[in-house]
Amino acid sequence: SELRGVLIAIDLARTTWRRILINYVFAFCFNTIGIPLAAGVLYPLTRPFLLPPAVAGAAMAASSVLVVTSSLLLRLYRAPSV
């Protein structure tokens, strides 16, 4: 019933969209680095040392936890004063 609610909804949508873009950029960078490492790009340089598969699993879990934690920052949203 108040026009102020529409302004708050638009601001919340923009804030949410920014958070989604931040999460996409983070995941893209993480995977751009992580996938070649998991595929063994550095294997010729580190021949005696191999990463166990558990490290890849831990990296995937860490990526998911960081994206979820980043999304939870939306709980700190405060409506703009109009």
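This text gives an overview of the structure that appears in the document. (Residues numbered from 1 in each chain as written. Predicted model: local features only at pLDDT ≥ 70, side-chain atom pairs only at ≥ 80, totals over all residues. Heavy atoms only, no water.)

### What to know about a nonpolar patch on the surface
In step 1: Residues Ile33, Leu37, Val41, Leu42 and Leu45 make up a contiguous nonpolar surface patch of about 500 Å² in total accessible area.
In step 2: Mapped onto the elements of the fold, Ile33 is located in helix α1 (residues 3-39). (Patch = residues over 30% accessible without salt bridge, like charges linked within 9 Å, V, L, I, M, F, W, Y side chains within 5 Å. Areas by Shrake-Rupley, 256 points an atom, 1.4 Å probe, with all protein chains shown as cover. Salt bridge = Lys/Arg side-chain N within 4 Å of Asp/Glu carboxyl O. Helix = DSSP H or I, 4+ residues; strand = E, 2+ residues; numbered from the N terminus.)

### So, the packing of aromatic side chains
In step 1: Applying the stated criterion across every chain, the model contains 1 aromatic pair.
In step 2: Taking the centre distance of 5.8 Å and the plane angle of 35° together, the rings of Phe26 and Phe30 count as tilted. Placement of the pair is Phe26 and Phe30 together in helix α1, with a separation of 4 residues, close to one helical turn.
In step 3: Taking relative accessible area as the criterion, Phe26 reaches 30% and is therefore assigned partly exposed. (Phe/Tyr/Trp six-rings, centres within 6.5 Å; stacked < 30°, edge-to-face > 60°. Buried < 20%, exposed > 50% of the residue type's maximum accessible area, 1.4 Å probe, protein only.)

### Some remarks on the packing of α1 against helix α2 (residues 53-72)
Each packed pair of helices is defined by two parameters, the angle between the axes and the distance between the axes.
In step 1: At a minimum axis distance of 10 Å, the contact between α1 and α2 shows a crossing angle of 165°. Regarding the angle of α1 to α2, the classification is roughly antiparallel. α2 is crossed by α1, and the crossing has right-handed handedness. On α2, the residues touching Arg19, Ile22, Asn23, Phe26 and Phe30 of α1 are Ala59, Ser63, Leu66, Val67, Ser70 and Ser71.
In step 2: Among the residues forming the contact of α1 with α2, the class breakdown is 6 nonpolar, 4 polar and 1 charged. (Axes fitted to C-alpha atoms, helices over the stretch in contact; angles between N-to-C directions. Parallel < 35°, antiparallel > 145°, perpendicular 65-115°, else oblique. Left-handed = near helix turned anticlockwise from the far one by under 90°. Contact = heavy atoms within 4.5 Å. Nonpolar A, V, L, I, M, F, W, Y, C, P; charged D, E, K, R; others polar.)

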